[in-house]
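Each chain is listed here by its residues.
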Amino acid sequence: MGNGTVSWRLKYIGKAVKAGIGEKFKASFVIESEEETSVEVRLVEKNALFKVDVPSRLDLKKGLNELYVNVEIPEKTVFKPLWIAVISVQDSEKSENAYLGILPVSEKSSRKVIKEAVEDDKSYSVGALGFTRKDFFYLSYRWRNGNKARGEKLEIAKSSDGLNYETVKTFNKNDYGYLSFEQSDLTTTPEGSFVFLYSADVERLWKIFKVEANEVSDIELPGEPLVDKAKDPSILYDAASERYIIVYSDCSKPGHDLAVVSTKDFKQLEVLAESIAYTQFTKQGNEWSRTHIHAGSLLFDGKYYVLFYDALPKQPSCFGSGWLGVAISKDLKKWIDLTPDKPLWKGNGVDYTFRYVAVYCDEKQYLLYAEEETSPRGKKDTVVYYSKT
């Protein structure tokens with residue numbers, strides 16, 4: 001290691017893959033080395049009883065080296081928002097951690113179309129999803145019916161199984177003087193009532209609004225303005241801190257980059273992190289998350305906060321698009337991007353849209369809802385990929 005200089009480094013500290021129950025796969029991390037040397041490797045953490053095998057020692061040549069990680073997901077593995085394994089790479093002078101995230105569903109999983117766009121055209125979509133579960137599964141979504149009727153309707157539907165939904169609330173933008181609806185989200189309070197956040201274009205200014213109601217059927221708009229120059233909120237009630245965590249697109253930042261805030265009562269928002277793609281993801285090697293940055297679902301597995309986000313490297317051909325990424329954090333301030341080199345999931349069609357995801361999981365089932373581009377002409381439907389044990 002001569003003269004205390006750092007001769008090797010992980011090219012990317014994060015990696016995400018898709019693999020379901022019963023699958024075996026091999027993942028790899030690239031280590032760049034300036035000289036021939038060796039490092040010790042060990043598994044230091046995993047959040048479920050899946051199997052991870054790494055070499056105890058790896059000899060590095062000068063240049064690029066691959067650290068292979070063999071993984072097996074046994075049949076009885078309990079679902080987590082993301083299966084996570086942390087691998088330590090170290091020598092006598094330094095240590096780096098490699099973070100592997102495993103999404104429990106993929107293109108091979110069961111799939112169902114929940115809502116289908118009105119017309120088969122790239123300017124038509126239904127999505128921008130929000131989700132919560134209480135006695136029922138609740139899914140919120142907006143309809144974009146062509147460029148002249150963008151974000152025309154916002155709806156909430158309920159389901160007893162997470163797969164078959166009936167609409168219970170419909171809001172039309174014209175009734176509130178809005179130019180458009182976009183992403184919304186729901187959560188429950190400790191007392192069992194509902195908080196509904198939605199975003200709307202008000203006279204060419206995006207705003208996030210808040211509505212509280214005892215039941216979803218009681219939700220009425222417009223509610224109270226919460227954040228100006230902001231859109232596409234994702235909300236999580238964090239029982240550990242007894243605070244609500246909100247991630248949203250900050251329209252005052254390049255790319256509409258993400259802000260993370262917390263609040264006890266929605267009267268004051270504490271900023272935990274700002275512009276996390278441009279200030280944190282880029283430093284970890286991410287070059288594709290540059291514009292149209294949105295938060296999808298934010299979940300907590302007991303130790304890590306898991307943020308599903310979507311973004312693009314440049315403007316799409318249609319009005320809006322995005323590809324799926326994922327990041328994790330222990331404190332909501334410092335984020336580890338698990339998709340720095342490429343998106344985790346793309347759709348089909350013109351822009352390969354796979355965005356605005358909403359994720360639900362318990363020990364026995366995993367549901368990933370998405371606004372997915374499904375046709376060669378570019379229409380975007382609300383779909384769910386799911387796995388149950």
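Our structure is the block above this text.
On a predicted model such as this, the values are computed, not experimentally measured, just so you know.

J.: What am I meant to see in the overall build of the chain here?
T.: Regarding its fold elements, the chain presents 1 helix and 29 strands. Here the chain has a C-alpha radius of gyration of 21 Å; the compact-globule value for 389 residues is 21 Å, and the two agree. Taken over the C-alpha atoms alone, the chain extends approximately 70 × 45 × 45 Å along its principal axes. In the chain, which comprises 389 residues, the share counted as buried stands at 60%. Across the chain, every contact between residues at least 6 apart in sequence was considered, and the portion connecting residues at least 24 apart equals 55%.

J.: I tried to follow unusual backbone geometry on my own but got confused; where do I start?
T.: Among all residues except glycine, the phi angle is most often negative; among peptide bonds, the trans geometry is most common. Note that the residue after Leu221, namely Pro222, is joined by a cis bond; omega there is 15°. Looking at the secondary structure, you find Pro222 in the loop between β17 (206-213) and β18 (224-228). Positive phi is not limited to glycine here, since Lys229 has a value of about 50°. Since its relative accessible area comes to 49%, Lys229 is described here as partly exposed.

J.: Hey, could you run me through the nonpolar core in this one?
T.: Where a protein is soluble and globular, its nonpolar side chains tend to be buried together. Among the nonpolar cores identified, the biggest contains 56 residues, and Ile102 and Phe308 are the most heavily contacted of them. Among the elements that take part in this core, strand β8 (residues 83-90) stands out by supplying 6 residues, more than any other. Leave out the neighbours within four places in its chain, and Ile102 touches Val17, Ala19, Phe25, Phe50, Val71, Ile73, Leu82 and Trp83. The next biggest cluster of nonpolar side chains, apart from the first, holds 23 residues, and it includes Leu307, Tyr309, Leu312 and Trp323.

J.: Any chance you could explain the pattern of salt bridges here in plain terms?
T.: Where charged atoms from two side chains of opposite charge approach closely, those side chains can pair. Tallying each qualifying case throughout the model produces 23 salt bridges. Here Asp59 ties to Arg57 by a salt bridge, and the two come within 3.5 Å at their closest N and O atoms. Here Asp59 matches Arg57 in class, with each residue exposed. The partner of Arg133 in a salt bridge is Asp362, with the nearest N and O atoms 3.7 Å apart. Taken together, the positions of Arg133 in strand β11 (residues 124-133) and Asp362 in strand β27 (residues 354-362) put the pair 229 residues apart, joining distant regions of the chain.

J.: Just to check I follow, could you spell out the sheet that holds strand β5 (residues 51-53) for this structure?
T.: The strands that make up a sheet pair up through hydrogen bonds in the backbone, lying either parallel or antiparallel. In spatial order, the strands read β1-β3-β7-β5; together these 4 strands make up an open sheet with antiparallel pairing. The sheet is open, and its two edges are formed by β1 (8-10) and β5, each paired on a single side. This sheet shows a mean twist of 30° between the axes of neighbouring strands, independent of strand direction. As judged from the 3 bridges shared by β5 and strand β7 (residues 63-72), these two strands associate in the antiparallel manner. Bridge pairing in β7 places Lys51 opposite Glu72.

J.: So what exactly am I meant to see when it comes to the packing of aromatic side chains here?
T.: The description of an aromatic ring pair uses the distance of the two centres, along with the angle that the planes make with each other. Within this structure, the stated rule accounts for 26 aromatic pairs. Look at Tyr138 and Phe194: their rings are 5.4 Å apart centre to centre, the planes differ by 75°, and that puts the pair in the edge-to-face class. Placement of the pair is Tyr138 in strand β12 (residues 137-145) and Phe194 in strand β16 (residues 194-201), with a sequence separation of 56 residues. As far as the burial class goes, Tyr138 and Phe194 line up, both buried. Judged by centre distance (5.7 Å) and plane angle (25°), the rings of Tyr176 and Tyr178 are stacked.

J.: What am I meant to see in the pairing of strand β24 (residues 305-312) here?
T.: Remark: a regular strand shows side chains that alternate across the two faces of the sheet. Burial of β24 is extensive: 8 of the 8 residues sit out of reach of the surface. As judged from the 6 bridges shared by strand β23 (residues 291-300) and β24, these two strands associate in the antiparallel manner. The residue bridging Leu298 from the neighbouring strand is Leu307, located in β24. When β24 meets strand β25 (residues 323-329), the two strands line up antiparallel, connected through 7 bridges. Note that in β25 the partner of Tyr309 across the bridge is Gly325.

J.: Could you clarify how one ought to interpret the environment of Tyr366 in this entry?
T.: Looking at the secondary structure, you find Tyr366 in strand β28 (residues 365-373). In sequence terms Tyr366 and Asp228 are 138 residues apart; their C-alpha atoms lie 34 Å from each other. Polar side-chain contacts of Tyr366 include one of 2.7 Å to the backbone oxygen of Pro81.

J.: Sorry if this is basic, but what is going on with the environment of Gly320 here?
T.: Relative to the helices and strands, Gly320 is located in the loop between β24 and β25. C-alpha separation for the pair Gly320 and Phe181, spaced 139 residues apart in sequence, amounts to 13 Å. Those residues in contact with Gly320, other than ones at most four positions away along the chain, are His292, Thr353, Arg355 and Lys380.

J.: Looking at this model, I keep getting lost on the sheet that holds β24. Mind explaining?
T.: Taken in spatial order, the 4 strands line up as β23-β24-β25-β26 in an open sheet, and their pairing is antiparallel. At either margin of the open sheet sits one strand with a lone partner, and together these are β23 and β26 (336-337). Where β25 and β26 come together, 2 bridges link them in antiparallel fashion. Following the sheet pairing, Ala327 is matched in β26 by Asp337.

J.: Explain the state of the cysteines to me, please; I cannot follow it from the model alone.
T.: As used here, a disulfide is simply a covalent bond connecting the sulfur atoms of two cysteines. Tallied over the entire structure, the rule returns 0 disulfides. Here Cys251 stays unpaired: no disulfide links it, and the sulfur of Cys318, its closest cysteine neighbor, is 18 Å away.

Calculation criteria
- Residues numbered from 1 in each chain as written.
- Predicted model: local features only at pLDDT ≥ 70, side-chain atom pairs only at ≥ 80, totals over all residues.
- Heavy atoms only, no water.
- Helix = DSSP H or I, 4+ residues; strand = E, 2+ residues; numbered from the N terminus.
- Rg over C-alpha atoms; globule rule 2.2 N^0.38 Å.
- Buried < 20%, exposed > 50% of the residue type's maximum accessible area, 1.4 Å probe, protein only.
- Contact = heavy atoms within 4.5 Å.
- Core = buried A, V, L, I, M, F, W, Y, C linked by side-chain atoms within 4.5 Å.
- Salt bridge = Lys/Arg side-chain N within 4 Å of Asp/Glu carboxyl O.
- Pairing = 2+ DSSP bridges.
- Axes fitted to C-alpha atoms, helices over the stretch in contact; angles between N-to-C directions.
- Phe/Tyr/Trp six-rings, centres within 6.5 Å; stacked < 30°, edge-to-face > 60°.
- Polar contact = N/O pair within 3.5 Å; in protein donor to acceptor, adjacent residues only side chain to side chain.
- Disulfide = S-S within 2.5 Å.

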